[in-house]
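So the chains spell out like this:
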Protein chains: 2
Amino acid sequence: MSATIRDVAKLANVSVATVSRVLNGTAKVNEETKNAVLRAQKELDFHLNSFARTLATKESNTIGVLVSDISDPFFALMIKACDQTARSFKKGLIITQGFYDEEKEIKAIENLLSHQCCGIIAHLLAISDEKLSSYMKKYPYIVLINRRLDGFEDRCVNIDNFNAMKDLTEYLIGLGHKKFVYIDSEFDIADAKERLEGFKQALSNHSLCIDDKYILQTKPYSENAVKTANTLIEMGVDKFSAIVCYNDSIAMSIINVFLNHGIKIPDDVSITGFDDLFFASVIYPSLTTVQNPIEKMGQEAVKLSFARFKKDETFCISEFETKILYRNSVKKN
Amino acid sequence: MSATIRDVAKLANVSVATVSRVLNGTAKVNEETKNAVLRAQKELDFHLNSFARTLATKESNTIGVLVSDISDPFFALMIKACDQTARSFKKGLIITQGFYDEEKEIKAIENLLSHQCCGIIAHLLAISDEKLSSYMKKYPYIVLINRRLDGFEDRCVNIDNFNAMKDLTEYLIGLGHKKFVYIDSEFDIADAKERLEGFKQALSNHSLCIDDKYILQTKPYSENAVKTANTLIEMGVDKFSAIVCYNDSIAMSIINVFLNHGIKIPDDVSITGFDDLFFASVIYPSLTTVQNPIEKMGQEAVKLSFARFKKDETFCISEFETKILYRNSVKKN
DNA sequence: TTGTAAGCGTTATCAC
DNA sequence: GTGATAACGCTTACAA
């Protein structure tokens, strides 16, 4: 139903090859011929079919991004950054979601694969190391965000979660905090473990310790942390002076529940987050957190993946820097 | 480099047609033959090339979604809803962004078009009615979200912005508020106009009026509203008792700036939003706002677009219901 | 139930 | 500069 390159060729009285040349700018074409082609294109409202194009060139015009859930502001930010960089390569983004579930993550990968993406950036939580490794081996251009996978370190884009959380905790300790609660992510992945370890290291550096019952777990998105917040209130907020959270979303939920219970932040309890999502500076009180350079990571991940797709193995990246953002959810006395 | 359907056929000792049948489940195949094919597929780690497939069938396995900016929680929510519904049709989503700019919006549409999407859902702000109409005419399956376009009413998925904002304003008036500020969107589109008109109607229904200097404009995402908040503070917050905002993002920013200036909400000033984004119930104080059924709208938009793509013009939708959510950013006395 | 072969709409390699 | 034409990898009549 839609016009094809042949229709344009016929109307412009040239060959399909010429039309292709004009439309792609891949070779010099006589100015007049060119105009004729352009006129015919306009008249027929013709667009190259990107599928036929990809089939012929074996290079799609898309880069694939796989995240757990687009509606999580963390991923939304990452995607936006990926999109920017993809654009600079004249590529579009195709986005799939894994929804924290191994089977869905695999489907999402397969989906991306079948799209001949010239680059894949994935944030995978649920899939096993073993299965993931097999994909990584088979498709050398897949790049991982926020996950460490043995044997593929050069394709894992990461921050130093351990030290970031250690530094944040030591900042709190320096402020005089001794009794902590730590809210961990329920998902069993590297970054969560590293953050928890960093937290514990800071305590032990200062001869402090924490009872396991003060290390709680929750899903790392906000709705789920409400229950945890209530648990804390039941425990009694006088039992601790600072709550260190795996991420901003958790911290935000807890702050909200606490404020609604008349618990003052930071006067009664201090709270910290991790990521510095857009709302962290905008909620009340503004959230002391760790700046996670997710945008830079997204950009570099796309560059790396695309370079590897084009067999350029020289491009490499190093760990990204984090920074503590000192705001108002922590009592400074 | 990657295996093709022919390789699989050869290895399984069958024809390519049979392989296709097995992999697509499009026809009955002898159980043994089938297993042979599946084995061969596994051995070669073969995936159907979705481009070749689309080229042959003229139907891609994607539905296109066009939004202004994925990192806006409003759009993220919408996309998630679209994705769910698309999945139920065995379609994936391809997402492009328009970034509030006419040229970029057009590029984004063209991008989607060249992907042979079997359905397009678009949230377009910047493109002119005229250009948009020409696209709508040419591609009868494009469905618009949050925009009214003359002549295409049956393909515009909308809420009744006018009445929603009127009702919200009348609620405030009923609470005794008389002196208002209205923060409008800077973008010249229908929903913003409708909301403002609804607001004005409520005032006039109660013989109230508002000086134009109390109707301010800002970009409808949070960073930009900070300036506006400061303007309000300079004006003196004793000049008004309630601030009605075009959306939640604006409201949230203003609340934040105010709290940081020691202005109490809702004791000193009441504030309302619009949309009920995830943070609206979670910020402090929780935000009185209008529930925008964006998820339902996304779902129905996908259904409508896909139906129209398949030439089914019977599917139709009506306006979506909104609801005022009475929370704590409004003084109730 | 299975195989053959003609598309699908491009690009790219040759000639001219 | 330009034009034929063979891929690209799949689906789907049509035949067997």
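Residues numbered from 1 in each chain as written. Chains lettered and ligands numbered in written order. Predicted model: local features only at pLDDT ≥ 70, side-chain atom pairs only at ≥ 80, totals over all residues. Heavy atoms only, no water.

Here the focus is the protein's contact with DNA strand D. Within the structure, DNA strand D sits among 28 residues, and Thr-18, Arg-21 and Thr-33 of chain A together with Ile-5 and Ser-20 of chain B are positioned closest to it. Protein-adjacent atoms of DNA strand D, using a 4 Å cutoff, are sugar or phosphate at a proportion of 62%. Within the side chain of Lys-58 of chain A, a nitrogen or oxygen atom sits 2.9 Å from a phosphate oxygen of DNA strand D. Taking Asn-24 of chain B, its side chain carries an N or O atom lying 2.8 Å from a phosphate oxygen of DNA strand D. Residue assignment for the surface near DNA strand D shows that the elements contributing at least two residues are α2 (16–24) and α4 (50–57) of chain A together with α1 (5–12), α2 (16–24) and α4 (50–57) of chain B. A per-class count over the surface near DNA strand D returns 12 nonpolar, 10 polar and 6 charged. (Near = heavy atom within 4 Å. Polar contact = N/O pair within 3.5 Å; in protein donor to acceptor, adjacent residues only side chain to side chain. Helix = DSSP H or I, 4+ residues; strand = E, 2+ residues; numbered from the N terminus. Nonpolar A, V, L, I, M, F, W, Y, C, P; charged D, E, K, R; others polar.)

Here the focus is the nonpolar core. By size, the foremost hydrophobic cluster in this structure holds 187 residues, and its most contacted members are Ile-243 and Ile-271 of chain A together with Ile-243 and Ile-271 of chain B. Core analysis: the next-biggest nonpolar cluster, separate from the first, contains 21 residues, Leu-66, Tyr-135, Tyr-139 and Leu-149 of chain A among them. (Core = buried A, V, L, I, M, F, W, Y, C linked by side-chain atoms within 4.5 Å. Buried < 20%, exposed > 50% of the residue type's maximum accessible area, 1.4 Å probe, protein only.)

Further remarks concern the relation of the copies chain B and chain A. Here chain B sits on chain A after a turn of 180° about the axis and a move of 0.0 Å along it, with an RMSD of 0.1 Å. The transformation just described matches what one would write down for a two-fold rotation axis. Both copies present the same face, since 100% of the interface residues in chain B are matched by interface residues at the equivalent positions in chain A. (Least-squares fit on C-alpha atoms with pLDDT ≥ 70 in both. Contact = heavy atoms within 4.5 Å.)

Another aspect to go through is helix α3 (residues 31–44) of chain B. Residues and elements named next belong to chain B. Spanning 14 residues, α3 covers 20 Å between terminal C-alpha atoms, matching the ideal 20 Å at 1.5 Å per step. Of all the positions in α3, only Ala-36, Val-37 and Ala-40 are classed as buried. The buried residues of α3 all sit within an arc of 100° when viewed along its axis, so they share a single face. Opposite the packed face of α3, turned more than 90 degrees from it, sit the exposed residues Glu-31, Arg-39 and Lys-42. On its buried face, α3 is in contact with α1 and α2. One side-chain oxygen of the residue at the start of α3 lies 2.7 Å from the amide nitrogen of Glu-32, identifying that residue as Asn-30. Just beyond α3, the residue with positive phi is Asp-45, at close to 50°. (Expected span 1.5 Å × (residues − 1). Arc of directions from axis to C-beta.)

Residues and elements named next belong to chain A. As a packed pair, helix α1 (residues 5–12) and helix α3 (residues 31–44) sit with axes 8 Å apart at the nearest point and diverge in direction by 125°. By the angle between their directions, the pair α1 and α3 is classed as oblique. As α1 runs across α3, the sense of the crossing is right-handed. Residues Asp-7, Val-8, Leu-11 and Ala-12 of α1 form the contact with α3, whose participating residues are Ala-36, Val-37, Ala-40, Gln-41, Glu-43 and Leu-44. In terms of residue class, the contact of α1 with α3 is made up of 7 nonpolar, 1 polar and 2 charged. (Axes fitted to C-alpha atoms, helices over the stretch in contact; angles between N-to-C directions. Parallel < 35°, antiparallel > 145°, perpendicular 65-115°, else oblique. Left-handed = near helix turned anticlockwise from the far one by under 90°.)

Every contact between the two is made by 48 residues of chain B and, on the other side, 48 residues of chain A. Interface of chain B and chain A: buried area, both sides summed, is about 4,300 Å²; carbon and sulfur atoms make up 60% of it. Three residues, Phe-51, Val-282 and Tyr-284 of chain B, lead the burial of chain B against chain A; their summed loss comes to 16% of the area buried on that side. Seen at the junction of chain B and chain A, the total is 4 salt bridges. For the side of chain B that touches chain A, the secondary-structure elements that each account for two or more residues are α4, α5 (73–88), β2 (92–97), α6 (102–114) and α11 (248–260) of chain B. Looking at which element gives the most residues to the side of chain B that touches chain A, the answer is α5 of chain B, with 7 residues. A per-class count over the side of chain B that touches chain A returns 22 nonpolar, 18 polar and 8 charged. (Buried area = accessible area lost by both parts, 1.4 Å probe. Salt bridge = Lys/Arg side-chain N within 4 Å of Asp/Glu carboxyl O.)

A word on the protein's contact with DNA strand C. Of all residues adjacent to DNA strand C, which total 28 residues, the nearest are Ile-5, Ser-20 and Asn-24 of chain A together with Arg-21 and Thr-33 of chain B. Sugar and phosphate atoms form 65% of the subset of DNA strand C atoms that lie within 4 Å of the protein. In this structure, Ser-20 of chain A approaches DNA strand C through a side-chain N or O atom, which is 2.4 Å from a phosphate oxygen. Between Asn-49 of chain A and DNA strand C, the recorded distance is 3.3 Å, taken from a backbone N or O atom to a phosphate oxygen. Within the residue set of the surface near DNA strand C, elements represented by two or more residues are α1, α2 and α4 of chain A together with α2 and α4 of chain B. Of the residues that constitute the surface near DNA strand C, the class distribution is 12 nonpolar, 10 polar and 6 charged.

This part takes up the UniProt feature "domain: HTH lacI-type" (unreviewed entry) in chain A. Residues given the UniProt feature "domain: HTH lacI-type" (unreviewed entry) here are residues 3–57 of chain A. When the span residues 3–57 of chain A is considered, its composition is 71% helix and 0% strand, and the gap between its end C-alpha atoms is 21 Å. (UniProt positions renumbered as here; feature names shortened; annotations may be inferred.)

So, on to the side chain of Asp-191 of chain A. Residue and element names in this part refer to chain A. Tracing the backbone shows Asp-191 in helix α9 (residues 190–205). On the basis of relative accessibility, which here comes to 3%, the residue Asp-191 falls in the buried class. A distance of 3.1 Å separates polar atoms of two side chains, one belonging to Asp-191 and the other to Tyr-246. Leave out the neighbours within four places in its chain, and Asp-191 touches Asn-146, Asn-161 and Tyr-246.

Residue and element names in this part refer to chain B. The first and last C-alpha atoms of helix α12 (residues 294–309) sit 22 Å apart over 16 residues, in line with the 22 Å expected at 1.5 Å per residue. Turning to α12, its buried residues are Ile-294, Met-297, Gly-298, Glu-300, Ala-301, Val-302, Leu-304, Ser-305, Phe-306, Ala-307, Arg-308 and Phe-309. Immediately downstream of α12, the backbone of Lys-311 shows phi near 65°, a positive value.

What follows concerns the pattern of salt bridges. According to the stated counting rule, one finds 34 salt bridges over all chains in the structure shown. Here Asp-45 of chain B ties to Lys-138 of chain A by a salt bridge, and the two come within 3.5 Å at their closest N and O atoms. Taken together, the positions of Asp-45 of chain B in the loop between α3 and α4 and Lys-138 of chain A in helix α7 (residues 129–138) put the pair across two chains. With relative accessibility at 25%, the residue Asp-45 of chain B sits in the partly exposed group. Exposure remark for Lys-138 of chain A: the relative accessible area of 40% places this residue in the partly exposed category. Across the salt bridge formed by Arg-87 of chain B and Asp-83 of chain B, the nearest N and O atoms sit 2.8 Å from each other. Taken together, the residues span about one helical turn, with Arg-87 of chain B and Asp-83 of chain B both in helix α5 at a distance of 4 residues. Residue Asp-83 of chain B is classed as buried on the basis of its relative accessible area of 6%. Residues participating in the shared-partner salt-bridge network are Arg-148, Glu-194 and Glu-319 of chain A.

A separate point is the pairing of strand β6 (residues 180–185) of chain B. All names here are of chain B. Counting buried residues in β6 gives 6 out of 6 residues, a clear majority hidden from the surface. Pairing of β6 with strand β8 (residues 242–245) involves 4 bridges; the strand directions are parallel. Within β8, the position partnered with Val-181 by the bridge is Ile-243. Here β6 pairs with strand β7 (residues 215–218) via 4 bridges, running parallel. Of the residues in β7, the one forming a bridge with Ile-183 is Leu-216. Chirality of the crossover, the property in question, places the unit of β6, helix α9 (residues 190–205) and β7 among those that are right-handed. (Pairing = 2+ DSSP bridges. Right-handed = clockwise from strand over helix to strand, strands pointing away.)

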